[in-house]
Amino acid sequence: MFGTNLVDRRNKPERIADQAWQQLVSAVNAAGDSVRDTARSARRGGHRLGDEAGDLVGSAADEARHRASLAFDALAGRRPALPWTLLIGAALVGAAVGWAAGTAARAAGSREDRAADDIEFVDVDRPNSPVGQDG
């Protein structure tokens, strides 16, 4: 009873401020629930992103370790090993391209030989030649 009389006796700005305070508190509580839900989903997504980032950092660390090893060898005066697989692969590709070019050249040459056999040569110095006859 005593509290209700005090609330009733307050002036209008105090009541408005009290109502605004109550609305703010309820909004913050509602936002807190929303923030908690968002934090939970972010934590779940964060684990997934963390795993992906861990994989990325792991591969970057492997690359950095490899490059550091190469740099250490270079500073120590050791030459890097020849990339034999790359050299053998390049040789095989070159052999295949050479074989294909040779086959194409032989095929083109045999066509020219056949075309040369079909040409008829005419001797223009002979009097009975078709070219030497005047109408």
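About the criteria used
Residues numbered from 1 in each chain as written. Predicted model: local features only at pLDDT ≥ 70, side-chain atom pairs only at ≥ 80, totals over all residues. Heavy atoms only, no water. Helix = DSSP H or I, 4+ residues; strand = E, 2+ residues; numbered from the N terminus. Buried < 20%, exposed > 50% of the residue type's maximum accessible area, 1.4 Å probe, protein only. Salt bridge = Lys/Arg side-chain N within 4 Å of Asp/Glu carboxyl O. Patch = residues over 30% accessible without salt bridge, like charges linked within 9 Å, V, L, I, M, F, W, Y side chains within 5 Å. Areas by Shrake-Rupley, 256 points an atom, 1.4 Å probe, with all protein chains shown as cover. Polar contact = N/O pair within 3.5 Å; in protein donor to acceptor, adjacent residues only side chain to side chain. pLDDT = per-residue confidence, 0-100.

## Comments concerning the overall build of the protein chain
The helix and strand inventory of the protein chain stands at three helices and zero strands. When its helices and strands are written in sequence order, the protein chain yields α-α-α. Looking at the protein chain as a whole, 2% of its 135 residues are labelled buried.

## Focus on the pattern of salt bridges
Under the definition given, this model contains three salt bridges. A salt bridge links Asp 62 to Arg 65; the nearest nitrogen and oxygen atoms lie 3.0 Å apart. With a gap of three residues between them, Asp 62 and Arg 65 both fall in helix H2 (residues 12–75), about one helical turn apart. On the basis of relative accessible area, Asp 62 is assigned to the partly exposed category, the value being 46%.

## Concerning a nonpolar patch on the surface
Residues Leu 82, Trp 84, Leu 87, Ile 88 and Leu 92 make up a contiguous nonpolar surface patch of about 560 Å² in total accessible area. Of note, Leu 87 is situated in helix H3 (residues 84–117). Judged by its relative accessible area of 41%, Leu 87 is partly exposed.

## A few points about the environment of Glu 63
With respect to the helices, strands and loops of the structure, Glu 63 is situated in helix H2. At 2.8 Å, the side chain of Glu 63 forms a polar contact with the side chain of Arg 67.

## Here we look at the confidence of the model for the protein chain
Confidence along the protein chain averages 76 in pLDDT terms, with 64% of residues attaining 70 or more. When pLDDT is averaged over each helix and strand of the protein chain, the minimum, 56, is found for helix H1 (residues 2–9) and the maximum, 86, for H3.

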